[in-house]
Amino acid sequence: MLRNKRILLIIGGGIAAYKCLELVRRLKERGASVRAILTPAAQQFVTPLTVGALTGERVFTDLFDLTAEHDIGHIRLSREADLVVVAPATADLMARMAHGIADDLASTALIATDKPVLIAPAMNPRMWAHPATRRNLAILEADGITRIGPNAGAMAERDEFGEGRMAEPMEILAAIEGHFTHVGSATLTGRRILVTSGPTHEPIDPVRYIANRSSGKQGHAIAAAAAAAGAQVVLVSGPVDLPDPPNVHTIHVESAREMLAAVEGNLPVDVAIFTAAVADWRVADAADQKIKKGPQGTPALHLVENPDILATISRHPTLRPHLVIGFAAETEKVVEHARAKLARKGCDLIVANDVSPAHGVMGGDTNTVHLVSPAQVEDWPTASKAEVARRLAARIATLLEGQA
Ligand code: CTP
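Rules and cut-offs
- Residues numbered from 1 in each chain as written.
- Predicted model: local features only at pLDDT ≥ 70, side-chain atom pairs only at ≥ 80, totals over all residues.
- Heavy atoms only, no water.
- Phe/Tyr/Trp six-rings, centres within 6.5 Å; stacked < 30°, edge-to-face > 60°.
- Lys NZ or Arg CZ within 6 Å of the ring centre and 35° of its normal.
- Pairing = 2+ DSSP bridges.
- Helix = DSSP H or I, 4+ residues; strand = E, 2+ residues; numbered from the N terminus.
- Axes fitted to C-alpha atoms, helices over the stretch in contact; angles between N-to-C directions.
- Buried < 20%, exposed > 50% of the residue type's maximum accessible area, 1.4 Å probe, protein only.

Peer 1: Looking at this structure, how should I read the packing of aromatic side chains?
Peer 2: The geometry of an aromatic ring pair comes down to the distance between the two centres and the angle between the two planes. Going through the model one piece at a time under the given rule, you end up with zero aromatic pairs. A cation sits over an aromatic face here: Arg134 above Trp128, 4.8 Å from the ring centre. Above the ring of Trp380, the side-chain terminus of Arg391 is found at 4.6 Å from the ring centroid.

Below, the structure is given as C-alpha cells:
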C-alpha cells in the first residue's frame, strides 16, 4: 500500500522526535520514500545525520539554504509528496500552522503544500488542554488536517501523566496507511461539488436576528475534504466563526433565502451536500428600523416558513445534481426520522446525526453519524468531523464512479 508513496516528514522539536526514527524505518520497509525536514528545535533531539542515514536522502533544515533552493526549493519540497506528516506536532508548530506563519523551512513548507497533512501532536498535558491549543486544533481540523493521537500516559517529565504523548510509530504508520486506503483510487478530480454549511440568520430588525447553534464545522470540513480529493468546490456558508477552507470558493450569506439564491446561482454541479442548519422559519415582516421598547408593549413575531433548499434542489426540474445528500439533525429516533426525511426531501442519501446536547455534536469536534440510503443504514464509528468528511468524500467518489 505504501510502495512508491512519497512522504514528507516534518519533525518538530519535542522529546518524541526520537520515535520518528522508528517511523522512518517502518515506512522505508514498506517501500515508501521519505524526505525529512527538521525544525531547529528538532535538531536538539535528533540529528540530521541520523535521520538522513535512515531516509537515505538529504535532510532539509534551512529555509535560506541556497544549494537546496537551487536543486529543489521549498515549494517543490512541499509538493513532491503524496502526504505530509508532522511528528511530533508540538504546540508551537500547531500554532504556527493554524495561523499560517512561515518563518522557517517547516512552517513554510506547510503553508506552501497542496497535499494532505497528517499531524501527530505531542506535548505536555496542560499544553494540550490549554484553550489556545484547542483553538488551534479546531482551526487545523476545519482546514481538513488529519490527526493521530495524542495518547494518554506517562510523560517524559517526572510525575506528569495525561493526554499528550505522541502516538506510537506503528499507530502513526496505521494512520498513514489508512489515509492511502481512503484516498484509494477514488478521487473527485474534475467533479463539481456544492456544500452548504453553518446556520442562517433571519432578521427581526436591523440589529436582531433568529439563529441556531450550528458551528459550520462539519460542512466546512466536508468542503475541505472534497477539495483535497480534487473536486472543484463551492461552499455556501451562513455566518460562522471559521476561516474559509483552502482551495474552496466560499460564498458568504446570512438568510435562508440568500442561501437558496446562492445555491441556485451555482448550479449545475455533480454533487450537492446540504449540511447547513437552515432556519425553518423567518420573521414575516422584518422591521426596517430597530424595534423600540414602548407603550405598544412586547412585539409578537409572526413567522413564515423558509424555502427548503434541499427539497428544492432535489426536485429541480432541469438542474438536479447526480447526487444530492442531506443532513438530518435529530434529537430522538435518529434513523427513523432520517428515513422519513429522505423520502420527504427527495434526496439520495441522508447523513443523520444525533444532536441532543448530551452528545455535544453542535459546536463540538466529533460526530457519530448514520448514512441512510433508501436501501440501507450504515452506522459509522464516532470520529472527528474531519474524518467523517474524508470518509464521505471517499464514499461520494465511489458512488460517482458507480454511476459513470
Ligand atoms: N434544509 C434545507 N433548507 C431548509 C431546511 C433544511 O436545505 N429550509 C436541509 C438541511 O441542510 C439538511 C436537511 O434539510 O440537509 C434536514 O434539515 P433538518 O433541519 O434536520 O430537517 P427539517 O426539514 O427542518 O425537519 P425537522 O425540523 O422536522 O427535523
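Peer 1: Sorry, what's going on with the sheet that holds strand β11 (residues 232-237) here?
Peer 2: Hydrogen bonds along the backbone pair up the strands of a sheet, which may run parallel or antiparallel. Pairing in this open sheet of eight strands is mixed, and the strands run β12-β11-β8-β13-β16-β17-β19-β20 from one edge to the other. Looking at strand neighbours, the two that pair on one side only are β12 (248-252) and β20 (377-379), the edges of this open sheet. If you compare each strand with its neighbour and ignore which way they point, the axes differ by 15 degrees on average. Pairing of strand β13 (residues 271-274) with strand β16 (residues 323-330), which is carried by four bridges, proceeds in the parallel orientation. Across the sheet, residue Ile273 finds its bridge partner in β16, namely Ile325.

Peer 1: How should I be thinking about the pairing of strand β4 (residues 117-121) in this particular structure?
Peer 2: Here is the key point about a regular strand: its side chains alternate between the two faces of the sheet. Within β4, five of the five residues are buried, which leaves the element mostly enclosed by the surrounding structure. What you see with β4 is no split at all: Val117, Ile119 and Pro121 on one side and Leu118 and Ala120 on the other are buried throughout. Sheet analysis places strand β3 (residues 83-89) next to β4, joined by four bridges and oriented parallel. Paired with Ala89 across the strands is Pro121, a residue of β4. Where β4 and strand β5 (residues 146-147) come together, two bridges link them in parallel fashion. Bridge pairing in β5 places Leu118 opposite Thr146.

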